[in-house]
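What follows is each chain in one-letter form.
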Protein chains: 2
Amino acid sequence: MTLPAIDAATLMARLQRLGEVGRGADGRLIRLAGSEADGAGRDLVAGWMRMAGMEVTVDAVGNLVGLWRGGAPAGAAPVMLGSHIDTVIDSGIYDGCYGVLAGLAVIEALQAAGTRLSRPVALAAFTNEEGVRFAPDMLGSLVYAGGMAAEAALAIHGTDGVTLREALTAIGYAGDATPGFLRPHAYLELHIEQGPVLEHEGIAIGAVDRLQGISWQSFVLTGEANHAGTTPMAMRRDAGLVAAQAIAFLRGRIAPRGGSTLATVGTLTLDPGAINVIPGMVRFTLDLRDPDEARLAEAERGFAAELQRLSEAEGVSVESTRLARFEPVIFDAGIVAQVEAAAARRSLSCRRITSGAGHDAQMMARICPAAMIFVPSRGGISHNPREFTEFRQLADGAAVLLDSAMALAR
Amino acid sequence: MTLPAIDAATLMARLQRLGEVGRGADGRLIRLAGSEADGAGRDLVAGWMRMAGMEVTVDAVGNLVGLWRGGAPAGAAPVMLGSHIDTVIDSGIYDGCYGVLAGLAVIEALQAAGTRLSRPVALAAFTNEEGVRFAPDMLGSLVYAGGMAAEAALAIHGTDGVTLREALTAIGYAGDATPGFLRPHAYLELHIEQGPVLEHEGIAIGAVDRLQGISWQSFVLTGEANHAGTTPMAMRRDAGLVAAQAIAFLRGRIAPRGGSTLATVGTLTLDPGAINVIPGMVRFTLDLRDPDEARLAEAERGFAAELQRLSEAEGVSVESTRLARFEPVIFDAGIVAQVEAAAARRSLSCRRITSGAGHDAQMMARICPAAMIFVPSRGGISHNPREFTEFRQLADGAAVLLDSAMALAR
């Protein structure tokens, strides 16, 4: 019996081919969930699935699932590989697509080698992972894992006012199957790191053992706009100052260099916004992440308390809104160990790593043992046309996915 | 001989009449320098000057000067009163106009009483004090005082692309006289405080003995935009964080509550400005003021040094641009004492006060003894339709202007 091997050249060619679907005249790749370009991308991927002899099913929220039975006993729960093919605006070609197309390459490698497994292998491309058009992100896998009713998801309006149902119907991907119709034995997702750690440390494979918790909040602080030249410091109610003090506190106390808690204030606007007017209002967002739920909750509490203290000292009022909150996900220790073992067998350097971003795997972890494999991202850049992973690194990641899938399906 | 007395009812009626010139259908008062509304306002004021028997002259940069000789010996340098009638966008009716129209009321009061003085009294409405359309602000008085050539001022492009020369020509206020054609014996400007101090302390009259120095700078900090979830704190180059730390430092060390230094960051924008992206760039402005030049310069130096230190620690680069810089102005001690004496004679409470904002008087102080008189502003609010000073307070201020002008012209 031949040992199965990834056809990395075909994988690369398909990544590039799919990366042209949704590329505009201005050179930007935009393949938002449920768009015409998404439809064309799905057609391409579904075609490749069928060419590989897979049974292709589309569920009610558009999740595209291919199944290769591979001679496994009827009724055996499949090992599922997957990710997504929708993109952000002005995207790179790897995020999501790499996981789907590498999964396809795994199945083709198993077929070519005539490998017999005791479990089928399934491949999923989940709907609207990026969440750019429809909120929340990871919507397809959320529904697949039972976290939201399909009807509720289909009624969500996109940023363009179109519902998910209308969008999927328009591109022919409003399917009949019930989300979750295949309950996997295990789920494994291969993805580019989207961060700098593996590249920085020169490591080929990340065995993702957890996904950090995410807390998104927005704040509105209201003080009093006043003349910058005539209002004594003691009489000011400077909302912008309080925001600045709170942000400085984040780095100083909540998320210092070297700690596991990440804190980012990515948006901030001052009102009225004139050089000689004390800002009477500031709006900003806070993105807090930590792999540990207790620390994440403590970071939220600590920031809220300090913001309150600073606001009271300045005579400024605070309004806060929770935008999103996900608890950390601990991936399956057995699968993580298999990934490490697979890397070791191929003499690839490997480390355990925490996923900083959200992924479909965190939803699938609700219904089956799940984990992820990361490969390096150059400069940690992602959601950007400069997103890049070397061919060799992509091939190595796919090989580890192949070996891990085989181990899970044996 | 009758004692001259201000006709406060007429003063008030004219303030309200002028406050309707440039008021749009949406109720907002906008009378930017050199606009059609400014032309209509000038026509109104020049008409009132002529009705009061004044010789009206327009100089090359549109400064409108009325002269009442009042039987003074030929060649005697005049006492000049004045301010401006251009406004900000969505303005109140007092800022500037009060000083011009109270000056008119002073001259009418002197005429009505048949007062004979040894000096003429002149009244100036300077061009583009607010600086909203043309930069710099206080442009007309700057040119009048010889601080900029008329030709240079006329070539300045407004925010709408129109030059000052074109704007003045269009409204018929590009005059022939040479700016500075009347060299005053003294200059006195009555103005609303535009700050909260007099109201806060329940004082009727501010004898303005100095005008604080002003430093305007803009900063661009450049770090690196990156994913908020996947970039470890130790690998971040967060430009927004550095700006926040620098702003917190301003309040903590440069401009604490109770000190004389004022520090305001009124504009700040983060780039790219997404909730889950570390800000790679921040642009902000800094408005620093202090009545003492040494302290102002020290505040600039102290901020620059700390910003450099914080930026280096974060791997962020700093670019700074000086937008405006005025040294503090010390007004004439003799005139200030006369203002205090005039208030005392009318049993009005009075305190010495520093002007936080810039005024035409600071330019006129370059060529003659100058000072200002302030009346309270409710809530310290200015550059805003809610700007308000009570009728009684306006009348008291005009009375003190009258008495002070008489003392200066005797």
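Residues numbered from 1 in each chain as written. Chains lettered and ligands numbered in written order. Predicted model: local features only at pLDDT ≥ 70, side-chain atom pairs only at ≥ 80, totals over all residues. Heavy atoms only, no water.

As annotated in an unreviewed UniProt entry, chain A is Zn-dependent hydrolase from Teichococcus deserti.

A word on the pattern of salt bridges
Residues and elements named next belong to chain A. Following the criterion strictly, the structure yields 42 salt bridges over all chains and no others. As a salt-bridge pair, Arg289 and Asp287 come within 2.8 Å of each other at their nearest N and O atoms. Residue Arg289 shares its accessibility class with Asp287, and that shared class is buried. If you follow the salt bridges from partner to partner, you end up with Glu293, Glu300, Arg322 and Arg325 in one network. (Salt bridge = Lys/Arg side-chain N within 4 Å of Asp/Glu carboxyl O. Buried < 20%, exposed > 50% of the residue type's maximum accessible area, 1.4 Å probe, protein only.)

Details of the domain arrangement of chain A
Residues and elements named next belong to chain A. Domain annotation of chain A identifies domain 1 (8-212 + 330-409) and domain 2 (213-326). With centres defined by C-alpha atoms, the gap from domain 1 to domain 2 works out at 36 Å. Between domain 1 and domain 2, the residue contacts involve eleven residues of the former and seven residues of the latter. Where domain 1 touches domain 2, the interface holds zero salt bridges. Split into classes, the residues belonging to the side of domain 1 that touches domain 2 amount to four nonpolar, five polar and two charged. (Domains from an automatic or database assignment. Contact = heavy atoms within 4.5 Å. Nonpolar A, V, L, I, M, F, W, Y, C, P; charged D, E, K, R; others polar.)

Overview of the packing of aromatic side chains
All chains considered together, the criterion is met by 14 aromatic pairs over all chains. Ring geometry for Phe284 of chain B and Phe303 of chain B: centres 6.5 Å apart, planes at 85°, overall edge-to-face. You can see Phe284 of chain B sitting in strand E12 (residues 281-290) and its partner Phe303 of chain B sitting in helix H9 (residues 293-314), a full 19 residues away along the chain. Phe303 of chain B carries the same exposure label as Phe284 of chain B, and that label is buried. In this structure, Arg14 of chain A is placed above the aromatic ring of Trp48 of chain A, and the distance from its NZ or CZ to the ring centre is 5.1 Å. Against the face of Tyr173 of chain B rests Arg42 of chain B, its NZ or CZ located 5.0 Å from the ring centre. (Phe/Tyr/Trp six-rings, centres within 6.5 Å; stacked < 30°, edge-to-face > 60°. Helix = DSSP H or I, 4+ residues; strand = E, 2+ residues; numbered from the N terminus. Lys NZ or Arg CZ within 6 Å of the ring centre and 35° of its normal.)

Section: the UniProt feature "binding site: Zn(2+) 2" (unreviewed entry) in chain A
Residue and element names in this part refer to chain A. The positions that UniProt labels "binding site: Zn(2+) 2" (unreviewed entry) are, in the present scheme, Asp95, Glu130 and His383. Spatial clustering of the annotated residues is evident: they stretch over 289 residues in sequence, but the largest pairwise C-alpha distance comes to 9.6 Å. If you trace the backbone, Glu130 turns up in the loop between strand E4 (121-126) and helix H4 (139-144). Here Glu130 falls in the buried class, since its relative accessible area comes to 11%. Among residues more than four places away in sequence, those in contact with Glu130 are His84, Asp86, Thr87, Val88, Asp95, Asp137 and His383. Looking at where His383 falls in the secondary structure, it is placed in the loop between strand E16 (370-375) and helix H12 (391-409). (UniProt positions renumbered as here; feature names shortened; annotations may be inferred.)

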